[in-house]
Each structure stands twice: as structure tokens, then as C-alpha cells.
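# Coordinates in review
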Amino acid sequence: MRLPPKKFFPHEVIYRKKTGISPIGETLFEEEEQVIRNVRFDFSVKFSPRDINGEVQIPNALISMLSKYTGPLPDFFVADQIEFGGKQYTIAHVIPLLADSPEPFGYEIEVV
């Protein structure tokens, strides 16, 4: 499989794993942050289409990363936090990129 060149992954993000919720309802994250380099952070157009049941959540951005360029990647989960450009985003959807093996060679992550 042919992959895009490394120059198409110019961004850096900070990843924080969610550990729980405080007694006053704030989300708690691990103190240790992981810096992930050589990712692609693409903002999306913000609009809110409506379906029969109400509003559909549209991601604010899509983050693409390949372990070939980033090194080993953590297991990402919904509600974990990504920081980019000094702004925090919450993971809404994780899409593992699979090829011939059960281990993902990268991820696409939708954040809000």
C-alpha cells in the first residue's frame, strides 16, 4: 500500500487520556501527556444539519496519523482529549486504519 509522504503530516498534537469524572462533574485526565508529532490536523466546516430526531453532531476537525511517521501510537478512546494550537478538543470518533494485519497502521480521529 502506498502512503502519502511525511511532508503531508506537518502538525503536532498533545494527547491526554480520560481517567474519570470529579465529584463536581469535571472530566479528569492523566497528568502525563503524550506529544504526537507528524500528524495531519484538518479543520472542517461547521454547520448543523438536522434530521428527524434533532441535531447531528459534526466534527470540528479530522486528525490523521500513521505509525510509520509518528512512532508507536496509544489506543485512543472516545472522550479522551487532544490539544492542538493551544485549544482542547474531545475525541468523538476513532477510526483505526487497517490493512493486512489486525494491528492498525494509523488512525483517523474526529474531534469536537
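See above for the structure.
Now for a quick tour of the structure.

About the thresholds
- Residues numbered from 1 in each chain as written.
- Predicted model: local features only at pLDDT ≥ 70, side-chain atom pairs only at ≥ 80, totals over all residues.
- Heavy atoms only, no water.
- Helix = DSSP H or I, 4+ residues; strand = E, 2+ residues; numbered from the N terminus.
- Buried < 20%, exposed > 50% of the residue type's maximum accessible area, 1.4 Å probe, protein only.
- Contact = heavy atoms within 4.5 Å.
- Core = buried A, V, L, I, M, F, W, Y, C linked by side-chain atoms within 4.5 Å.
- Pairing = 2+ DSSP bridges.
- Axes fitted to C-alpha atoms, helices over the stretch in contact; angles between N-to-C directions.
- Salt bridge = Lys/Arg side-chain N within 4 Å of Asp/Glu carboxyl O.
- Phe/Tyr/Trp six-rings, centres within 6.5 Å; stacked < 30°, edge-to-face > 60°.

### Observations concerning the overall build of the protein chain
Looking only at helices and strands, the protein chain features one helix and ten strands. Overall, the protein chain shows an N-to-C arrangement of helices and strands of β-β-β-β-β-β-β-α-β-β-β. Relative to its 112 residues, the protein chain shows a buried fraction of 29%. When contacts within the protein chain are restricted to residue pairs at least 6 apart in sequence, long-range pairs at least 24 apart make up 54% of them.

### A closer look at the nonpolar core
By size, the foremost hydrophobic cluster in this structure holds 17 residues, and its most contacted members are Phe41, Ile63, Met65, Phe76, Ile91, Ile109 and Val111. Put simply, the parts of the chain that give this core at least two residues each are strand E1 (11–16), strand E4 (34–43), strand E7 (61–66), strand E8 (81–84), strand E9 (87–97) and strand E10 (106–111). In this structure Ile63 touches Val39, Arg40, Phe41, Ile82, Tyr107, Glu108, Ile109 and Val111, once residues within four positions along its chain are discounted.

### Section: the environment of Tyr69
Looking at the secondary structure, you find Tyr69 in helix H1 (residues 67–70). For the pair Tyr69 and Arg37, spaced 32 residues apart in sequence, the C-alpha separation works out to 8.0 Å. Residues contacting Tyr69, with those up to four places away along its chain left out, are Leu3, Pro4, Pro5, Lys6, Phe9, Arg37 and Asn38.

### Brief notes about the sheet that holds E10
Strand order in this closed barrel of six strands is E1-E4-E7-E10-E9-E8, and the pairing throughout is antiparallel. With strand direction ignored, the average angle separating the axes of adjacent strands in the sheet is 45 degrees. Both E8 and E9 contribute to a ladder of four bridges, which runs antiparallel. Bridged to Gln81 within E9 is Thr90.

### A short note on the side chain of Ser64
Positionally, Ser64 belongs in strand E7. For Ser64, a relative accessible area of 14% translates into the label buried.

### Remarks on the pattern of salt bridges
For the coordinates displayed, the defined rule picks out five salt bridges. With a shortest N-O distance of 3.2 Å, Glu12 and Arg37 are connected by a salt bridge. Residue Glu12 is found in strand E1, and its partner Arg37 is found in strand E4; the two are separated by 25 residues along the sequence. According to the relative accessible area criterion, Arg37 is partly exposed, its value standing at 49%. Because the salt bridges share partners, they merge into one network encompassing Arg16, Glu33 and Glu83.

### Some thoughts on the packing of aromatic side chains
Here the structure, examined in full by the defined rule, presents seven aromatic pairs. Seen in terms of ring centroids, Phe41 and Phe43 are 5.0 Å apart; in terms of plane orientation they differ by 70 degrees. Their pairing is edge-to-face. For Phe41, a relative accessible area of 4% corresponds to the buried category. Where Phe41 meets Phe84, the ring centres are 4.0 Å apart and the plane angle is 15 degrees; that geometry is what we call stacked. Of the two residues, Phe41 sits in strand E4 while Phe84 sits in strand E8, which places them 43 residues apart along the sequence. Here Phe41 matches Phe84 in class, with each residue buried. These aromatic residues form a ring-pair network of at least three members: Phe41, Phe43, Phe84 and Tyr89.

Interpretation note: all reported values are geometric properties and have no functional meaning in isolation.
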